[in-house]
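Residue-level listing of the chains:
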Amino acid sequence: MSAERAQAVQVALAELRRAGEHQRGLAGRLAGTHGGSERTWARAVTDARVMYAAELAEDQAQRPAPQPE
């Protein structure tokens, strides 16, 4: 992965964390804000969504299981 692409993925990942979930049109908003093509940002968002889902799964796995009363 190129340094530019890695940076774009990190920007997209930060947006996903901020929003708490994927929002339709994110790639277009990132392209408008940071420049570049929407298609390039769409690929970065796709990669970031995979990373974000893994983070959520890891967080869920680290939480203790609820204890029955």
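Located above this text is the structure these notes cover.
Residues numbered from 1 in each chain as written. Predicted model: local features only at pLDDT ≥ 70, side-chain atom pairs only at ≥ 80, totals over all residues. Heavy atoms only, no water.

Engineer: Mind showing me how you'd approach the nonpolar core here?
Structural biologist: Generally speaking, soluble globular proteins have nonpolar side chains that are buried together. Judged by nonpolar contacts, the single largest core of 14 residues is most densely connected at Leu-30, Trp-41, Val-45 and Ala-48. For this core, the secondary structure elements donating two or more residues are helix 1 (3-19), helix 2 (26-34) and helix 3 (38-62). Residues in contact with Val-45, not counting those within four places in the same chain, are Ala-12, His-22, Leu-26, Ala-27 and Leu-30. (Core = buried A, V, L, I, M, F, W, Y, C linked by side-chain atoms within 4.5 Å. Buried < 20%, exposed > 50% of the residue type's maximum accessible area, 1.4 Å probe, protein only. Helix = DSSP H or I, 4+ residues; strand = E, 2+ residues; numbered from the N terminus. Contact = heavy atoms within 4.5 Å.)

Engineer: Can you help me understand the pattern of salt bridges in this one?
Structural biologist: Pairing between side chains of opposite charge can happen when their charged atoms approach one another. Enumeration according to the criterion identifies three salt bridges in this entry. When the shortest N-O distance is used, the salt bridge between Arg-17 and Glu-55 registers 2.4 Å. Of the two residues, Arg-17 sits in helix 1 while Glu-55 sits in helix 3, which places them 38 residues apart along the sequence. (Salt bridge = Lys/Arg side-chain N within 4 Å of Asp/Glu carboxyl O.)

Engineer: How should helix 3 be read in this particular structure?
Structural biologist: In an α-helix, one turn spans 3.6 residues; hence positions three or four apart end up facing the same way. In this model, helix 3 (25 residues) spans 35 Å end to end at C-alpha, consistent with the 36 Å of a helix rising 1.5 Å per residue. For helix 3, every residue scored as buried is listed here: Trp-41, Ala-44, Val-45, Ala-48 and Tyr-52. On its buried face, helix 3 is in contact with helix 1 and helix 2. (Expected span 1.5 Å × (residues − 1).)

Engineer: So what exactly am I meant to see when it comes to the packing of helix 2 against helix 3 here?
Structural biologist: Packed helix pairs are characterised by how far apart their axes lie and by the angle those axes make with each other. Where helix 2 meets helix 3, the closest approach of the two axes is 8 Å, and the angle between their N-to-C directions is 120°. As summarised for this structure, helix 2 and helix 3 are arranged oblique, according to the angle between their axes. Crossing angle aside, the handedness with which helix 2 passes helix 3 is right-handed. Facing Leu-26, Ala-27, Gly-28, Leu-30, Ala-31 and His-34 of helix 2, the residues of helix 3 in contact are Glu-38, Trp-41, Ala-42 and Val-45. Along the lines of polarity and charge, the residues of the contact of helix 2 with helix 3 split into seven nonpolar, two polar and one charged. (Axes fitted to C-alpha atoms, helices over the stretch in contact; angles between N-to-C directions. Parallel < 35°, antiparallel > 145°, perpendicular 65-115°, else oblique. Left-handed = near helix turned anticlockwise from the far one by under 90°. Nonpolar A, V, L, I, M, F, W, Y, C, P; charged D, E, K, R; others polar.)

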